[in-house]
Amino acid sequence: MQKSVIKLGLMGLGTVGTGVVKIIQNNGDQLERKVGAKLEIAKVLVRDINKPRDVELPHGVLTANPRDIIDNPDIDIVVELMGGLSPAGELVLEAMQNGKSVVTANKDLVAQAGKELFERAEAVNCDLLFEASVGGGIPIIRPLKQCLAANRIQKVMGIINGTTNYMLTKMTQEGSDFSEVLAEAQAKGYAEADPTADVEGYDAARKLAILASIAFNTRVTFSDVHVEGITKITAHDIQYAKELGCIIKLLGIAKEDNDKVEVRVHPTFVPKDHPIASVNDVFNAIFVTGDAVGDTMFFGRGAGELPTASAVAADIMDAALNILKDDRGRIACTCFEHKELKPMDEVESKFYIRLLVADRPGVLAAIASAFGDQQVSLQSVIQKENLGDKAEVVLVTHRTKEGYIRKALKTLEAMEAVEEISNVIRVEGNGK
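Novice: Looking at this model, I keep getting lost on the nonpolar core. Mind explaining?
Specialist: Across soluble globular proteins, you tend to see nonpolar side chains buried next to one another. Grouped together as the largest cluster of nonpolar side chains are 78 residues, with contacts concentrated most on Met96, Ile140, Met167, Leu211 and Phe269. Ranked by residue count, the leading element in this core is helix α10 (residues 202-216), at 10 residues. Contacts of Phe269, omitting those with residues within four sequence positions, involve Asp237, Ala241, Leu244, Cys246, Ile247, Ile248, Tyr352, Ile425, Arg426, Val427 and Glu428. Core analysis: the second largest hydrophobic core is formed by 34 residues, Val44, Val46, Val312 and Ile316 among them.

This is the structure we're talking about:
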């Protein structure tokens, strides 16, 4: 006899959890018609059951004991919205061991413990769905796994952190400094009191690890991603980017070349005519290139209560449908290859380099020579402004290997005429 009710156990009732409850309460009739059974929130795990909530739940639904969900035989799907690695990881593994399908929005968990999670899901033949772990409400996990599955994905590039995109947008449009826009982002709730995960690029790196694992069918973890944040970006860099026909964005970039995979998150000069350059504020965009489909772009709100909850609710519906059809475990791990990671020294790009140097004859020639000695060709060398006996110099290289740039910069650091290497930013595309 087919179930008429699918019972859910939510672990976490923060921003996203509250959104999930609202969607199920507001759209319950429509969801029931689409799934073929009622979705019922049976239990919700919270730290404090007496805390005031933005949603109303029946008496007895809230619990502070995870065993009321994990060990409850009536609960069909566990929805993990706690975040972090522990205790979320242990609870998810135990829930699957107890025969429950799992839906999660936890990028930390999927990026760092995905292998163990998928092995457990496969062993017990249950679903592990995680659409909301990347891109909030933007559909990207399912398209990569299913809609684009016939392609050999060549590149995934995207703005996958709304906080830093908001900050860089404000810096670009208003000429504000980093500290100003960070304070504003915190005041508006876009950035946490401790913004490290966002501004240092760690949040984006976790998401990129997930995307790269799916796109290239090989396990990529958070620790595999080269990460640089936006803390060194100044109004000077923003202005020089404009002069070069570019916009600065914090990008996650993953590419496959000759069965080697490169994964990196860093500030990037993007040509103004690239579609990603026009993605502003807290919006996200993910650009995917496949050998058959060509270029595609997925755009939308990458965070927030209802956008992220939308992705969670869709996963719940999929998991419920699979239970009703007795077809769980069909969407398995796609990391069936073992591709080599490309060392950063081998990664190729163009580079923008801003220096503070002694303002005297022969310095620019010595700098150009230092790059030439390392096989780095300079596209342009511009002396931007004089600061007493110092001058600010902006260089843009032709496409070259990261390792060559690092060696050239070591030479510059040792030069008495070079006061400071103020910033080094990679350039995507051509610009001016």
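From this point, the discussion proceeds with the structure in view.
Novice: Can you help me understand the sheet that holds strand β1 (residues 5-11) in this one?
Specialist: Within a sheet, adjacent strands bond to each other through the backbone by hydrogen bonds, running parallel or antiparallel. One open sheet accounts for 6 strands, arranged β3-β2-β1-β4-β5-β6; its pairing is parallel. In the strand order of this sheet, the two ends are held by β3 (62-63) and β6 (128-129), each with one partner. Against the sheet, helix α1 (residues 15-26) contacts β1 and β2 (38-45), and its axis sits at roughly 160° relative to β1.

Novice: Just to check I follow, could you spell out helix α4 (residues 88-97) for this structure?
Specialist: Structurally, the α-helix is built with 3.6 residues per turn, so residues lying three or four positions apart point the same way. Of all the 10 residues making up α4, 7 are buried; the element is thus mostly covered by neighbouring parts of the structure. What α4 keeps buried is the set Ala88, Gly89, Leu91, Val92, Leu93, Ala95 and Met96. The secondary structure elements touched by the buried residues of α4 are β1, α3 (67-70), β4 (77-80), β5 (101-104), α5 (107-124) and β6. The positive-phi residue at the C-terminal boundary of α4 is Gly99, with phi of around 90°.

Novice: Where do I start with the environment of Arg120 in this structure?
Specialist: As for its position among the elements, Arg120 is in helix α5. According to the relative accessible area criterion, Arg120 is partly exposed, its value standing at 24%. Considered as a pair, Arg120 and Ala366 are 246 residues apart in the sequence and their alpha carbons are 59 Å apart. Once residues lying within four places of it in the same chain are set aside, the contact partners of Arg120 are Leu93, Glu94, Met96 and Gln97. Polar contacts involving the side chain of Arg120 include one to the main-chain carbonyl oxygen of Leu93, which spans 3.0 Å.

Basis of the calculations
- Residues numbered from 1 in each chain as written.
- Predicted model: local features only at pLDDT ≥ 70, side-chain atom pairs only at ≥ 80, totals over all residues.
- Heavy atoms only, no water.
- Core = buried A, V, L, I, M, F, W, Y, C linked by side-chain atoms within 4.5 Å.
- Buried < 20%, exposed > 50% of the residue type's maximum accessible area, 1.4 Å probe, protein only.
- Helix = DSSP H or I, 4+ residues; strand = E, 2+ residues; numbered from the N terminus.
- Contact = heavy atoms within 4.5 Å.
- Pairing = 2+ DSSP bridges.
- Axes fitted to C-alpha atoms, helices over the stretch in contact; angles between N-to-C directions.
- Polar contact = N/O pair within 3.5 Å; in protein donor to acceptor, adjacent residues only side chain to side chain.

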